[in-house]
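# Structural characterization, general
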Amino acid sequence: MANTSLRRRANAKKGKQRNKQGSTNTNTNVDVDGDGDGNVSDRVQVVTNDTKSPMDDNTQATSASTSAAVKAKAKAKASKSSRKKYHKSSSGNSNSNYTNTRRRSVGDDSGGGGEEGDIFRIARCILLVVIAIVVAASITIARQGKSPFSFDATKIKQKKKIQKEATGARAGAGLKDDPGRRKERANGNANNISRRRFTKEDFDIVDDEESVDWDRNDLTLQRTNDFLTNYVCSDDTHAAATLSNSENVASAYCHPLLKPEPARRTHSVAKTASNDTIKNGDIIMVLPRHLLIWDLDAMRDPFVADQLLEARHGETGNPLDSGAFLASYLVRLKLKAGGLWSNEDDHYDTGTVNIGDQDQYQEKRMAFLNMLPSYQTLQKTHPTLWSDNELATLFGRLTPTFALVRGYKNMMNSEFDAFCAASDAFNDNVDREDYVTMRIHVMSRSFGPGLSDAESWLEEEMSGVHHTLELQDELDFYQSKAGVDLTRGTRAMSPILDMWDHHAVPNVQWRYRKGDRAFVITAANTATSEEGIGIGGIPSGQDIMVSYGTYTDTHLFAKFGFVNGDGSEHTEASVAIMHPMLEIGTGFQFSYLIATEQVVENKIIRKMVASPRDHESQKRTMLNYLRYDDGYEECVTKESNPEGYQLKLLKLLHLEKIANRSDRWTVKIKPRDLDSNPSASSDIPILMDQAPKFDPSKVKFDGSRVISTCRLVALTTADYDGKAIDVLTKGLLENSNGDHDFMVDRQSSALEYRALTCLARLTTGALELYPSKVRVDMKDLAGGKFTFQSKEWTAAHVRLGEMQTLEVLRSIAKSGASQMKSKVRDEGGEYEVGMNIHRAPCPLENNMKLLEEEITMFGGTSM
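Note that this is a predicted model, so its numbers are computed, not measured.

## Focus: the overall build of the chain
In terms of regular secondary structure, the chain is built from 31 helices and 17 strands. Classification of the 863 residues of the chain by burial places 52% in the buried group. For the chain, the share of sequence-separated contacts (at least 6 apart) that also reach a separation of at least 24 residues comes to 78%. Split by element, the accessible area of the chain, about 38,700 Å² in all, is 48% carbon and sulfur.

## Some thoughts on the sheet that holds strand E11 (residues 508-513)
Overall, antiparallel pairing links the four strands, which are arranged E3-E6-E12-E11 in an open sheet. Single-partner strands in this sheet number two, and they are strand E3 (253-254) and E11. Where strand E6 (residues 283-288) and strand E12 (residues 518-523) come together, five bridges link them in antiparallel fashion. Bridge pairing links Ile283 to Thr522 in E12.

## Let's talk about the nonpolar core
Core analysis: the biggest nonpolar cluster contains 92 residues, and Tyr625, Leu655 and Trp665 have the highest contact counts within it. Considering each element in turn, this core owes the most residues, 13 residues, to helix H28 (residues 791-827). Dropping the residues within four chain positions of it, Leu655 is found in contact with Met622, Tyr625, Leu626, Trp665, Thr709, Leu712 and Val713.

## A look at helix H27 (residues 774-782)
Where H27 is concerned, the buried positions are Val774, Asp777, Asp780 and Leu781. Projected down its long axis, H27 shows its buried positions confined to an angular sector of 135°, all on one face. Facing away from the buried side of H27 by over 90 degrees, the exposed positions are Arg775 and Lys779. Residues of H27 that are buried sit in contact with H28. Positive backbone phi, at 70°, marks Gly784, one or two positions downstream of H27.

## Quick word on the confidence of the model for the chain
In the predicted model, the chain carries a mean pLDDT of 76, and 68% of its residues have values of at least 70. Here residues 1-34 scores under 50 on pLDDT; set against residues more than four positions off or in separate chains, the count is 84 contacts. Overall, residues 352-357 carries pLDDT values under 50, and its contacts beyond four positions in sequence, including any with other chains, amount to 19 contacts.

## Re the packing of helix H15 (residues 400-422) against helix H20 (residues 553-560)
For any two helices packed against each other, the geometry comes down to the angle between their axes and how far apart the axes lie. The geometry of H15 relative to H20 is characterised by a closest axis approach of 9 Å and an angle of 30° between their N-to-C directions. Overall, the two elements H15 and H20 adopt an arrangement that is roughly parallel. Like other packed secondary-structure pairs, H15 and H20 cross with a definite hand, here right-handed. Residues Pro400, Thr401, Leu404, Val405 and Tyr408 of H15 touch H20, and the partners they reach there are Thr554, His555, Phe557, Ala558 and Lys559. For the contact of H15 with H20, the residue count by class is six nonpolar, three polar and one charged.

## Overview of the packing of aromatic side chains
Applying the stated criterion across every chain, the model contains 27 aromatic pairs. Measuring from centroid to centroid gives 6.5 Å for Phe227 and Phe368, while their planes differ by 25°, and the two rings are stacked. With a gap of 141 residues between them, Phe227 in helix H8 (residues 219-230) and Phe368 in helix H12 (residues 358-371) connect regions that are remote in the sequence. Here Phe227 falls in the buried class, since its relative accessible area comes to 5%. Residue Phe368 is classed as buried on the basis of its relative accessible area of 2%. Centre to centre, the rings of Tyr548 and Phe562 are 6.3 Å apart; their planes meet at 85°, and the pair counts as edge-to-face. Note that Tyr548 is positioned in the loop between strand E13 (545-546) and H20 and Phe562 in the loop between H20 and strand E14 (571-574), a separation of 14 residues in sequence. Grouping aromatic residues by their ring pairs yields a cluster made of Trp294, Phe447, Trp510, Tyr512, Phe519, Tyr548, Tyr551, Phe560 and Phe562. Over the aromatic face of Trp341 sits the side chain of Arg332, whose NZ or CZ is 5.1 Å from the ring centroid.

## Observations concerning the pattern of salt bridges
By the definition in use, this model includes 27 salt bridges. Taking the shortest distance from any N to any O, the salt bridge between Asp321 and Arg491 comes out at 2.9 Å. Taken as a pair, Asp321 in the loop between helix H10 (302-308) and helix H11 (322-337) and Arg491 in the loop between helix H19 (471-482) and strand E9 (492-493) lie far apart in primary sequence, 170 residues in all. Across the pair, Arg491 and Asp321 agree in class, each one buried. As a salt-bridge pair, Glu656 and Lys619 come within 4.0 Å of each other at their nearest N and O atoms. On the criterion of sequence distance, the pair formed by Glu656 in helix H22 (residues 642-658) and Lys619 in helix H21 (residues 612-622) is long-range, its members being 37 residues apart. Through salt bridges with shared partners, a single ionic network connects Asp321, Glu415, Arg439 and Arg491.

## Overview of the environment of Asp745
In this structure, Asp745 sits in the loop between helix H25 (724-734) and helix H26 (749-767). Those residues in contact with Asp745 that lie beyond four places of it in its chain are Arg711 and Tyr720.

## Observations regarding the environment of Thr554
Within the element layout of this structure, Thr554 appears in helix H20. Classification of Thr554 as buried rests on a relative accessible area of 2%. Remark: the alpha-carbon pair of Thr554 and Thr571, spanning 17 residues in sequence, is separated by 7.1 Å. Look past the residues within four positions of Thr554 in its chain and what remains in contact with it is Pro400, Thr401, Leu404, Glu572, Val798 and Glu802.

## Side note on the environment of Gly561
Checked against the element boundaries, Gly561 lands in the loop between H20 and E14. Judged by its relative accessible area of 10%, Gly561 falls in the buried class. The sequence separation of Gly561 and Lys380 amounts to 181 residues, and the corresponding C-alpha distance is 9.4 Å. Not counting chain neighbours up to four residues away, the residues in contact with Gly561 comprise Thr381, His382, Pro383 and Leu556.

## Focus: the side chain of Arg197
Structurally, the position occupied by Arg197 is in the loop between helix H7 (190-195) and H8. In this structure, Arg197 is buried with no salt-bridge partner, the nearest side chain bearing the opposite charge being Asp516 at 7.3 Å. A polar contact is formed between the side chain of Arg197 and the backbone oxygen of Ser251, at a distance of 2.9 Å. At a separation of 3.5 Å, a polar atom in the side chain of Arg197 contacts the main-chain carbonyl oxygen of Ala252.

## A few points about the pairing of strand E5 (residues 266-269)
Because side chains alternate across E5, one face comprises the buried residues Thr266 and Ser268, and the other comprises His267 and Val269, equally buried. Here strand E4 (residues 258-261) pairs with E5 via four bridges, running antiparallel. Opposite Pro260, over in E5, you have His267 as the bridge partner. The turn linking E4 back onto E5 is made up of four residues, and Arg265 within it adopts a positive phi angle of 55°.

## Brief notes about H20
Within H20, eight of the eight residues are buried, which leaves it mostly tucked inside the rest of the structure. All of the buried residues in H20 are Asp553, Thr554, His555, Leu556, Phe557, Ala558, Lys559 and Phe560. Immediately beyond the C-terminal end of H20, within one or two residues, lies Gly561, with a positive phi of roughly 90°.

## With respect to the sheet that holds E9
Taking strand neighbours across the sheet as the criterion, the three strands line up as E7-E9-E8 in an open arrangement whose pairing is antiparallel. Each having just a single partner strand, strand E7 (293-294) and strand E8 (446-447) make up the two edges of the open sheet. When E8 meets E9, the two strands line up antiparallel, connected through two bridges. Paired with Phe447 across the strands is Ala492, a residue of E9.

Criteria and cut-off values
Residues numbered from 1 in each chain as written. Predicted model: local features only at pLDDT ≥ 70, side-chain atom pairs only at ≥ 80, totals over all residues. Heavy atoms only, no water. Helix = DSSP H or I, 4+ residues; strand = E, 2+ residues; numbered from the N terminus. Buried < 20%, exposed > 50% of the residue type's maximum accessible area, 1.4 Å probe, protein only. Contact = heavy atoms within 4.5 Å. Areas by Shrake-Rupley, 256 points an atom, 1.4 Å probe, with all protein chains shown as cover. Pairing = 2+ DSSP bridges. Core = buried A, V, L, I, M, F, W, Y, C linked by side-chain atoms within 4.5 Å. Arc of directions from axis to C-beta. pLDDT = per-residue confidence, 0-100. Axes fitted to C-alpha atoms, helices over the stretch in contact; angles between N-to-C directions. Parallel < 35°, antiparallel > 145°, perpendicular 65-115°, else oblique. Left-handed = near helix turned anticlockwise from the far one by under 90°. Nonpolar A, V, L, I, M, F, W, Y, C, P; charged D, E, K, R; others polar. Phe/Tyr/Trp six-rings, centres within 6.5 Å; stacked < 30°, edge-to-face > 60°. Lys NZ or Arg CZ within 6 Å of the ring centre and 35° of its normal. Salt bridge = Lys/Arg side-chain N within 4 Å of Asp/Glu carboxyl O. Lys, Arg positive; Asp, Glu negative; His and termini not counted. Polar contact = N/O pair within 3.5 Å; in protein donor to acceptor, adjacent residues only side chain to side chain.

Right under this line is the structure:
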């Protein structure tokens, strides 16, 4: 049975190879998941114009009506999904090409004319018979996977080496040793290997259901196991082809070595008798469009489009993020399916995707929604459901983690209030708890299919489906009515893919392929052994690990509710210790600032500004940065130093303009351990008896913008050759429109000394805001004081990363200040005044008078 199946696949593959034509056409774009939050990278993936379907090696996926153009595009597919390419060779289709060539030569010979003697005719007949035998033998040999024409000694050695690898190194290939397998590996076509779909008959799997350690009497685990086993891996809806006019749509697929792990809600690699691995480049899973739920689907829903798209945040009037509409759509879908949507006037249809079997599709969607963790379960792990007092106890109130988590909490509550205000039906049927639960799932589980360029792949998703609007008209509709710009990115709920755990060094990579209209996940293990040798492939017993993107531990925790605790993520820290930042790092998802537009010289200038109330409050707190009048002998007042007072006023105006620019107050540092690999499963600690820490020789970060802020604070009238007032005045005029990006460049050694001293002062103050110390958390984590993955364990790792980042900054600032001090002493002449550092802050009353000043500078324009 297995051999027959292999022959069918081999024959189908040959038929495709004879008809393939075309050229590679690849276009790459960088994608985010549509939330725009302030991370180093956000679930970044590459969108390509690949049009080859992943089931090109599967006879069931080949339609008799497939056009030659589609086959030509299939030929043009270039595999770019793996970080490593195996068995590069150009001989992949040589057998069939050679056979066709030989047939043409026979035809040409037989077509010749002329008079010949009997002996020549006999000789010719014998020759034709011999040629025919050779051709027949060639065809037979080709079907057996052997090369019919290569007699070069070097090629023979290469062939033997490849065949030896095929039979003796199967552990790295993840494939069984059969003639069809040997042919594929001998051809050495990495793309064909990576695109092949395997079946259980290709492996001698020894793992069985009983080998998985979970309680089979637990109904929740039973449902989880069924979901992991059947949702994608046994999908038979195959409704994707009716989603649009495109026929080039993938069907669902799971690698046969994927083994459900219901207790951990993930998949691992099953064990085989041959100790196979899933080879790098092999397809792990294909998650087609009809199993995804996009924000686009939500915004097309009649109820959402009619009642919710005009909802706005109450405090700012800003538009809601597309993820909010997706959450509202999903929560309504779940309530209606459970008979809990009681509005009798609700006549809207929840089915927004045009598929053949609505009941079967509905059943699929509900299976996914019912699998999502409940509010009570999320309370244990997700910080947005913890009280402010608990967060303050774990992190302190003026730290980046507290601000970000609280920002996400306020975002979700504001969205709920906005929907309730916009729709009586939503207000009557949806509880805050229900909405927040679903919003957390959207925030933490959605993946980005790609940038929604109107000229690119989204046209197939939008044009002509459910709407009479053209593509650009539909995009403009969402922009004008909801304030949502889908060209910035879309997001999709992605079942199974969203259940796999995250690590910065994943063993798979994912991308949404336009041609397949599916997420295609392939093995791409870049982990190394303790000896520094690349592991390659995914061995048995290893959990599938995906990357959600490049995050700091702060953002990873606030958004997803966990950290790995091994130093594999970036870290961040803020020196904004005197004022609360209104831009919290969630991008266009949510902000305390108000989005405004104004026309300046026929150009639309978009700005994010604080409300008058927030502006005044923030202005008062910014005064505290100017209380240390370093560089002056005495504290600066309007009476004792008018020019110094005027400069201080200008500095305050500049500080107000950069108060909410995170890059002027926050530093992000690369991972403490770039060589860390994930453990076999997420329930096993990666680090034992130690905590991550920085290697001073490997610390890399860009602190230029933060030190520029400190230079601004430390400026005196003597800087810029005595023209500091003129420089700051000009800076305000030139940056009056758009984002304020005025930078104070390095000037004298004395200014640099004062700026570095300011940075050391700010980092010291920031460290005092935390409820713990670096040495304490290091000791507690190494000593096993906290239970692995508990609240206390997770919080200790998050704040440790922030505090260690601050200590790095402080160490650099102190060392640099000491160097500048020595340099100034060597230069002489300016040490007396310019190097003066005030050990205590000047009276606050001196600065409070700045708030009373009537600012009517620059031609009477109030600043």
